[in-house]
Each structure stands twice: as structure tokens, then as C-alpha cells.
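Single-letter residue listing:
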Amino acid sequence: MAVCVAVIAKENYPLYIRSIPTENELKFHYMVHTSLDVVDEKISAMGKALVDQRELYLGLLYPTEDYKVYGYVTNSKVKFVMVVDSSNTALRDNEIRSMFRKLHNSYTDVMCNPFYNPGDHIQSRAPAAPLMAVSVRRAFDSMVTSMMIQVC
């Protein structure tokens, strides 16, 4: 399904980026960062309507020849970006929306952990992190991995 998943902080620095084909990792990082301009445009175009409708899903940000990039923004302006392979024609908009909701719920679990410092990178192996923080981050990482290896 997803080939790259990213969580971007309010200040536009990455909290978490994971891509499955590691040989194209730099390409996916570039796609995620270029999509932030489109996310900002969509947020500013929606303006106050975004808060009123509570619609957090931004939809398709832009397609490329091989991939489609989708976006989602939380109420606290944290952005989720997902890159999906274009050859997967069975993937519908409501399935992408559902994947973003799962990602948002897992992100909320990480944020609610008392051992997590907001603004820190979300990684499963933090050297000096308490055990509880590592387990919540691993749960987030495994949820993202399950989204990436699902087969339609």
C-alpha cells in the first residue's frame, strides 16, 4: 500500500519518516518535503473552513508518474504525508482516509505517553529513552509497518 509515511511537525521538520524500498529513501524524503508546500497551500485555501468542518484529510496532494502523494493535517497543525504506488488502482480514497485515521490514533498514543517529549523524533530505538517510551514508539513503528505491507 504505502511506500513512504511521514509525520511532520508544525514547524515543518520531520518527526518520523519511513520508506519501504530503502534504495529510494532519498527520493521519498524529497517527495515528502516538496509536498509540504502543497499542504500549506491547501490549509491556507481552506482557512477557517478547516476548523469549522473538522475535515483533517487533505486528499491527493499531487500525483507523479510512479506515485501518488496524500496529505492529512491535525488540529495542532502536525502533518501526515503518505506516498502510495500509482500502480495500486484498487486503493480508494476512503481506504487512504482510514489509514490516516489509524496513523493519527497511533500518533495520539505517542503524544499521550508521559515519557515522550513533544517535538522529539519518533523512533523505536532511542538510546537514553525510558522503556515505556520505547515501547510506545515501537507500537507506532509497527503500525506504520503494517500499513506499508498490506496487500490489496
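Throughout what follows, the structure given in this document is the object of discussion. The written sequence of each chain sets the order in which its residues are numbered from 1. A pLDDT threshold of at least 70 governs which residues receive local features in this predicted model, and a stricter bar of 80 or more applies before side-chain atom pairs are shown or counted, although totals over entire chains, interfaces and linings include all residues. Side-chain measures here rest on the full set of heavy atoms in the structure, leaving out hydrogens and waters.

### A word on the pairing of strand β2 (residues 14–19)
Consideration 1: What makes two strands pair is DSSP finding at least two bridges between them. Under the scheme used here, helices are H or I runs from DSSP no shorter than 4 residues and strands are E runs no shorter than 2 residues, and both carry numbers assigned from the N terminus. Across five bridges, strand β1 (residues 2–8) lies against β2 in antiparallel orientation. By the bridge assignment for β2, I8 is matched with P14.
Consideration 2: Here β1 hands over to β2 after five residues, with N12 in that stretch at a positive phi of 65°.

### Some details on the pattern of salt bridges
Consideration 1: In what follows, salt bridge is the name for a side-chain nitrogen of Lys or Arg lying within 4 Å of a carboxyl oxygen of Asp or Glu. Counted according to the given criterion, the structure contains one salt bridge.
Consideration 2: Ionic pairing is found between D93 and R97, a salt bridge with its closest N-O pair at 3.8 Å. Taken together, the residues D93 and R97, both in helix α3 (residues 93–112) and four residues apart, mark about one turn of the helix.
Consideration 3: Burial classes: relative accessible area under 20% of the type maximum marks a residue as buried, over 50% as exposed, and values in between as partly exposed (1.4 Å probe, protein chains only). Taking the relative accessible area as the measure of exposure, D93 reaches 40% and is therefore partly exposed.
Consideration 4: For R97, a relative accessible area of 23% puts it in the partly exposed group.

### Remarks on the side chain of H104
Consideration 1: Its place among the elements puts H104 in helix α3.
Consideration 2: Only heavy atoms matter for contacts: two residues are in contact if any of them lie within 4.5 Å across the pair. With sequence-adjacent residues up to four places away left out, H104 is seen in contact with L56, Y72, T74 and F80.

### What about the side chain of S86?
Consideration 1: Take S86: it is sitting in the loop between β5 (79–85) and α3.
Consideration 2: In this structure, S86 is in contact with T64, E65, D66, Y67 and K68, ignoring residues within four places of it in sequence.

### Re unusual backbone geometry
Across residues other than glycine, the phi torsion is negative in most instances, and most of the peptide bonds are trans.
Consideration 1: Not every positive phi belongs to a glycine, and N12 is a case in point at roughly 65°.
Consideration 2: One non-glycine residue, K77, lies in positive phi territory at about 70°.
Consideration 3: Note on placement: K77 falls in the loop between β4 (67–73) and β5.
Consideration 4: Here K77 falls in the partly exposed class, since its relative accessible area comes to 28%.

### Thoughts on the pairing of β5
Consideration 1: Buried residues dominate β5, accounting for six of its seven residues.
Consideration 2: Here six bridges tie β1 to β5, and the two strands are oriented antiparallel to one another. Across the sheet, the residue bridging to V5 is M82, located in β5.
Consideration 3: Looking at chain direction, β4 and β5 are connected through seven bridges and run antiparallel. The residue of β5 that forms the bridge with K68 is V84.
Consideration 4: Between β4 and β5, which pair antiparallel and follow one another directly, the connecting turn spans five residues, one of which, K77, has a positive phi of 70°.

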